[in-house]
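Tertiary structure, described
Chain by chain, the residues run as shown.
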Amino acid sequence: MDLDRSFGFLVNDVARLFGRRFDQNGRGRRLGLTRAQCRTLGYLARNEGINQAGLADLLEIRPMTLVRQIDRMEDAGWIERRADPADRRARRLYLTAKARPVLGRIWNVANETRDEALARLTPQESDQLIDLLHRVHSTLSERVPADPGKIRAAPPPRAARPPSRQAEERALPLVAEAAR
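Let's shift gears to the overall build of the protein. In terms of helices and strands, the protein carries seven helices and two strands. Starting at the N terminus, the α and β elements of the protein follow one another as α-α-α-α-β-β-α-α-α. A total of 180 residues make up the protein; the buried ones form 36% of that total. Taking contacts inside the protein between residues at least 6 apart in sequence as the whole, the part at least 24 apart equals 63%. Total accessible area on the protein stands at roughly 11,200 Å², and carbon and sulfur atoms take up 54% of it.

Where helix H2 (residues 35-46) contacts helix H3 (residues 52-59), the axes come no closer than 10 Å and their chain directions differ by 115°. Regarding H2 and H3, the two cross each other, and that crossing is right-handed. Facing Arg 39, Thr 40, Tyr 43 and Leu 44 of H2, the residues of H3 in contact are Leu 55, Leu 58 and Leu 59. Of the residues belonging to the contact of H2 with H3, the class tally is five nonpolar, one polar and one charged.

The next subject is H2. Compared with the 16 Å implied by 1.5 Å per residue over 12 residues, the 17 Å span of H2 between its first and last C-alpha is a close match. In terms of burial, H2 is largely enclosed, as nine of its 12 residues are buried. Taken as a whole, H2 has its buried residues at Arg 35, Gln 37, Cys 38, Arg 39, Thr 40, Leu 41, Gly 42, Tyr 43 and Leu 44.

Here we take up the packing of aromatic side chains. Geometrically, a pair of aromatic rings is defined through the distance of the ring centres and the angle of the planes. Under the defined criterion, the tally for this structure stands at zero aromatic pairs. The aromatic ring of Tyr 94 is capped on one face by Arg 82, whose charged end is 3.9 Å from the ring centroid. Over the face of the ring belonging to Trp 78 we find Lys 98, whose NZ or CZ atom lies 4.5 Å from the ring centre.

Moving on, we come to the pattern of salt bridges. Taken as a whole and judged by the stated rule, the model has 11 salt bridges. For Arg 16, the salt bridge is made with Asp 13, and the minimal N-O distance between the two is 2.7 Å. Pair noted here: Arg 16 and Asp 13 are both in helix H1 (residues 7-29), with a separation of three residues, about one helical turn. Between Asp 87 and Arg 89 there is a salt bridge, with its nearest N and O atoms 3.2 Å apart. On the accessibility criterion, Asp 87 (25% relative accessible area) is partly exposed. Here Arg 89 falls in the exposed class, since its relative accessible area comes to 74%.

Let us look at the pairing of strand S2 (residues 87-95). Summarising the sheet, strand S1 (residues 79-84) and S2 pair through six bridges and their orientation is antiparallel. Residue pairing across strands places Ala 83 opposite Arg 91, the latter belonging to S2. Hairpin connection from S1 to S2: two residues lie between these consecutive antiparallel strands.

It is at 10 Å that the axes of H2 and helix H5 (residues 99-117) come closest, and there the two elements cross at 110°. It follows from the interaxial angle that H2 and H5 lie roughly perpendicular. Crossing hand, H2 versus H5: left-handed. Each of Cys 38, Leu 41, Gly 42 and Ala 45 in H2 lies in contact with H5, whose residues at this interface are Ala 99, Val 102, Leu 103 and Ile 106. For the contact of H2 with H5, the per-class residue count stands at seven nonpolar, one polar and no charged.

Rules and cut-offs
Residues numbered from 1 in each chain as written. Predicted model: local features only at pLDDT ≥ 70, side-chain atom pairs only at ≥ 80, totals over all residues. Heavy atoms only, no water. Helix = DSSP H or I, 4+ residues; strand = E, 2+ residues; numbered from the N terminus. Buried < 20%, exposed > 50% of the residue type's maximum accessible area, 1.4 Å probe, protein only. Contact = heavy atoms within 4.5 Å. Areas by Shrake-Rupley, 256 points an atom, 1.4 Å probe, with all protein chains shown as cover. Axes fitted to C-alpha atoms, helices over the stretch in contact; angles between N-to-C directions. Left-handed = near helix turned anticlockwise from the far one by under 90°. Nonpolar A, V, L, I, M, F, W, Y, C, P; charged D, E, K, R; others polar. Expected span 1.5 Å × (residues − 1). Phe/Tyr/Trp six-rings, centres within 6.5 Å; stacked < 30°, edge-to-face > 60°. Lys NZ or Arg CZ within 6 Å of the ring centre and 35° of its normal. Salt bridge = Lys/Arg side-chain N within 4 Å of Asp/Glu carboxyl O. Pairing = 2+ DSSP bridges. Parallel < 35°, antiparallel > 145°, perpendicular 65-115°, else oblique.

If you want it as structure tokens, here you go:
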């Protein structure tokens, strides 16, 4: 098998390289967060009030792994746990005031990384790539049983070279996955 022509290999390798570059770009911005913590904040921004099990499902990590991460992020003041009014055993997760400004910096790093990744493509090619990936995403989503807890990642603010609004909206699940 020629890995240079393997869709699965290329998609995963691009995601891996995108994540590494995100880390490098984020160091310069002094985010003070790991990539995993950035993902957690991004998903939580879009799903405030979710319980830990639901967030673990969205992040595709084990709940026990997330508990330790949430503990550290709560201690650092990024996230707070609140009692669930419907279930006194459960806790709901919310961003703190400290976390809200850093979300913009996280999306700036993601936008910068995206711009670097697409630098050799024309704006039309970038839009076409996003459109094609969205179609693949839709096809695969139709074949995977729906999970009621799954909600898409938070969208980034407008970039310096914004793709079409439609292309950006379709790319949201892919951006979140690439930032893994």
